[in-house]
Amino acid sequence: MKIDFHTHGKLAKKLPFSKVYTNWLFGEAQHAGLDAICLTEHFNTLGFDQVYRYIAENFQRDEDTFLAGGLRIFPGMETDIAEGGHILTIGRMEDILELNRRLEPYKEKEKFLPFHQLISLLREYPVIVGAGHPYREGGHIPELPRELLLQFDFLDLNGKDLAQDRERTEKQVYTLGQELGIPVVTGSDTHQAFQYGCVNTRFSRTIRTIEGLKEAVREGRYEIWISENIAFQVKTAGMLKTALKEIHSLGGDYVSVLTRS
């Protein structure tokens, strides 16, 4: 099973949810060779509840996942913390929706929870918690106290960061993982389909449950794959994302531009 641990179902946080765009993304993820994704939408994105309820109501459930054609979807969420940084959470649909509702008072920048409070909340649920792109500029996850860092189930070897400086990103993330004894997995961090397939994490079997995924990660039963074309894929995706957002800001229909062909 080839899985991307960090993906998004919308072009941008402030844009309205489009089921056509989200369906297009899922189809493109499958065409890129992925078997599964963790849909870690921003916790404060416009229409968070719409995205996940659409999936729950329109795709077949298979234990803790949902099937969009041949693509398996693990529900998840990406949450900002007060210290600066993004926390990835993967769990059952019901738990992700409930957590997002409980985080409603903390969705504005000046109200983000500090990590010690967020992790206490997350640990009330059977979820997997990861450090998203821990060394990205503006984030301070590696500076957290060691006892808090040990609360992570995985570190995100992030496609966008690898595209900018692969050697540095790998060295930083793997070193932190080795120091803490925490597994490293990959996430493309894509909002746009051209980025799918730039990285993936490969398991020898299909996983259908959160507990099964957590166990497989913890035991290291996987391989990491990085595309030789990662820099081109991420750059192209970024340029297209900018263009599509501009189309929207000018009153155009960016979704139809993508899907009319």
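Residues numbered from 1 in each chain as written. Predicted model: local features only at pLDDT ≥ 70, side-chain atom pairs only at ≥ 80, totals over all residues. Heavy atoms only, no water.

J.: I keep staring at the packing of aromatic side chains and nothing clicks. Help me out?
T.: For any pair of aromatic rings, geometry is given as the distance between the ring centres together with the angle between the planes. Summed over all chains, the structure comprises 11 aromatic pairs. Where Y21 meets Y254, the ring centres are 5.6 Å apart and the plane angle is 70°; that geometry is what we call edge-to-face. Residue Y21 is found in helix α1 (residues 19-31), and its partner Y254 is found in helix α10 (residues 254-259); the two are separated by 233 residues along the sequence. In this structure, Y21 and Y254 share a single accessibility class: buried. In textbook terms, an aromatic cluster arises when at least three aromatic residues are bridged by ring pairs, as seen for F5, F154, F203 and Y222. (Phe/Tyr/Trp six-rings, centres within 6.5 Å; stacked < 30°, edge-to-face > 60°. Helix = DSSP H or I, 4+ residues; strand = E, 2+ residues; numbered from the N terminus. Buried < 20%, exposed > 50% of the residue type's maximum accessible area, 1.4 Å probe, protein only.)

J.: Explanation requested: the pairing of strand β1 (residues 2-7) in the structure shown.
T.: The side chains of a regular strand alternate, residue by residue, between the two faces of the sheet. Counted residue by residue, β1 has 5 buried out of 6 residues, so it is predominantly covered. The sheet contact formed by β1 and strand β10 (residues 199-202) spans 2 bridges and is antiparallel. Residue I3 lies in a different strand from β10, and its bridge partner there is T201. Here 3 bridges tie β1 to strand β2 (residues 36-42), and the two strands are oriented parallel to one another. Bridge pairing in β2 links T7 to L39. (Pairing = 2+ DSSP bridges.)

J.: Can you help me understand unusual backbone geometry in this one?
T.: The bulk of non-glycine residues show a negative phi, and the bulk of peptide bonds are trans. Positive phi outside glycine occurs at E63, with the angle close to 55°. With respect to the helices, strands and loops of the structure, E63 is situated in the loop between β3 (60-62) and β4 (65-68). Although it is not a glycine, D189 sits at a positive phi angle of roughly 65°. Examined against the element boundaries, D189 turns out to sit in the loop between β9 (184-187) and β10.

J.: Could you clarify how one ought to interpret the environment of G69 in this entry?
T.: Looking at where G69 falls in the secondary structure, it is placed in the loop between β4 and β5 (71-80). The exposure class assigned to G69 is exposed, which follows from its relative accessible area of 67%. Each C-alpha atom, one on G69 and one on Q30, is 8.4 Å from the other, the two residues being 39 residues apart in sequence.

J.: Whenever I open this one, the side chain of T201 confuses me. Can you help?
T.: With respect to the secondary-structure elements, T201 resides in strand β10. If we ignore the near neighbours within four places in the chain, the residues touching T201 are M1, K2, I3, F5, V185, T186, Y222, E223 and I224. (Contact = heavy atoms within 4.5 Å.)

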